[in-house]
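Observations on the three-dimensional arrangement
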Amino acid sequence: MVEKVITLENIPLLDFLGMGNENIKQVSAAFPQSKIVSRGNEIRIQGRAPEILRINDLLNMLLQHFHRFGHITPENIKEYIALEGAPFEENQKNDVIIYGNKGLVVKPKSANQRKLVEASLKNDLVFALGPAGTGKTYIAVALAVRALKNREVKRIIITRPAVEAGENLGFLPGDLQEKLDPYLRPIYDALSDMVPSEKLKFYQETRVIEIAPLAYMRGRTLHDAFVLLDEAQNTTGEQIKMFLTRMGPNSKVIITGDQTQVDLPKRQKSGLREALHVLKDVKGIGMVYLGGKDVIRHRLVKSIIEAYDKIESQKESQKDEDKRGKGPE
C-alpha cells in the first residue's frame, strides 16, 4: 500500500469538501480499491500506486475547477470522475503524450481524445472532427511535438486557412504575416505550453517548426514531417485536395475541423465535408468524432454546443418536412 497526502491551502474547506465531506465521499466511491480520508485541511489517499496517481490527477482537476469557478457541484465531480475514474485496465497504462513546461502533463482527458491518440498511432492520415473546446487541436499539437522529440520526424508543419470570420484582413495593421498571426494564435498558445520559449524560437528560426497559412503549402512535398491542418472546415474543395496531395514519405497528417463553424462565403462549399465524403471508404485513414462530452473548457461551453445542435436538428427536420410538403414537381 502507498499513501499520499494532499494539503488544501487557502481554500474554504466546506465549499470544496462539501457538507459532511460529501464531495470526497463521492470521489471515494469511484475508487473502492483505495481509501480516501479527509481530516482538517488534509486529504489522505491509501492504495495501489497507479490508482493513487489517478486520484491525485482527479483531485488536482477539481482544485483547478474550484479556483476558477468558486464552487463544485456533484455533477462536476461526476464529470471529472468520468475523465479520470474509469477502471485502470481500460486505460492505457501511460496516457501521457508529453511533459510540457512548468510541470504540465499533456494527456487525453476523454475517451474520444484517447481515440484520436490511438488513431494517430495506427494511421498516417487522421481526421479529428468536433466542436470548439474538445481539445482536438491541442492533442494534435502534442502528438506532433512528441513525434519530433522522439525523432520520428524531422520537422513539424502546422497550417490553417486564413479565412475572415467577420473581420477584414485589409484593415488589420502590419504586413501579411502580422495580419495572419491572430489566426494562428491558438497554435502558438499550444506550442508555448509544450516547448520552452527559447527552444521554440530556435525551432521556428531554423524551420524545424513551421507555422504558415495554407496557401504556402502549394507546390511542396511534405516529407519526414508531422503535418497539422487546423480549421479545415474553412478550406475549399481545391485547397484540401491540394493539401492532401502534399503528403510525402514518412509523414503523419492530422486534419482538424468543426463542421458547424464554417466561415466561408454562403455559396462556397466546405472542402472538409467534401473530403469526408470522398475518402470515407479509403483504407488507412482514421476518422475520430468528438462531441459535447469531450469539451474541457468552461462548463457552459458544453451547454452552448448542445443548444446549437438542437437548433440545427430542428432546422434539418423542418427542411425535410418542407420537401415532403412540396411533393414531386
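Everything below is about the structure shown above.
A short tour of the structure in this document, coming up.

1. Notes on the packing of aromatic side chains
- Following the criterion strictly, the structure yields 2 aromatic pairs and no others.
- For the ring pair F16 and F66, a centre distance of 5.8 Å and an interplane angle of 85° mean the geometry is edge-to-face. In this pair, F16 sits in helix α1 (residues 13-17) while F66 sits in helix α3 (residues 49-69), placing the two residues 50 residues apart along the sequence.
- For F66, a relative accessible area of 7% puts it in the buried group.
- For the ring pair F202 and Y203, a centre distance of 6.3 Å and an interplane angle of 45° mean the geometry is tilted.
- Residue Y203 is classed as buried on the basis of its relative accessible area, which comes to 17%.

2. Focus on the pattern of salt bridges
- Going through the model one piece at a time under the given rule, you end up with 12 salt bridges.
- Among the salt bridges present, the one from E210 reaches R207, with a minimum N-O distance of 3.1 Å.
- A salt bridge links R220 to E210; the nearest nitrogen and oxygen atoms lie 2.8 Å apart. Of this pair, R220 sits in the loop between β8 (209-213) and β9 (225-229) while E210 sits in strand β8, and the two are 10 residues apart along the sequence.
- On the basis of relative accessible area, E210 is assigned to the buried category, the value being 9%.
- One network of salt bridges, in which partners are shared, links E3, E42 and R44.

3. Let's talk about the pairing of β8
- Here β8 lies mainly inside the structure; 5 of its 5 residues are buried.
- Burial along β8 is two-sided: I209, I211 and P213 facing one way and E210 and A212 facing the other are all buried.
- Inspection of the sheet shows strand β7 (residues 155-160) paired to β8 by 5 bridges, in the parallel sense. Looking at the pairing, I156 lines up with I209 of β8.

Calculation rules
- Residues numbered from 1 in each chain as written.
- Predicted model: local features only at pLDDT ≥ 70, side-chain atom pairs only at ≥ 80, totals over all residues.
- Heavy atoms only, no water.
- Phe/Tyr/Trp six-rings, centres within 6.5 Å; stacked < 30°, edge-to-face > 60°.
- Helix = DSSP H or I, 4+ residues; strand = E, 2+ residues; numbered from the N terminus.
- Buried < 20%, exposed > 50% of the residue type's maximum accessible area, 1.4 Å probe, protein only.
- Salt bridge = Lys/Arg side-chain N within 4 Å of Asp/Glu carboxyl O.
- Pairing = 2+ DSSP bridges.

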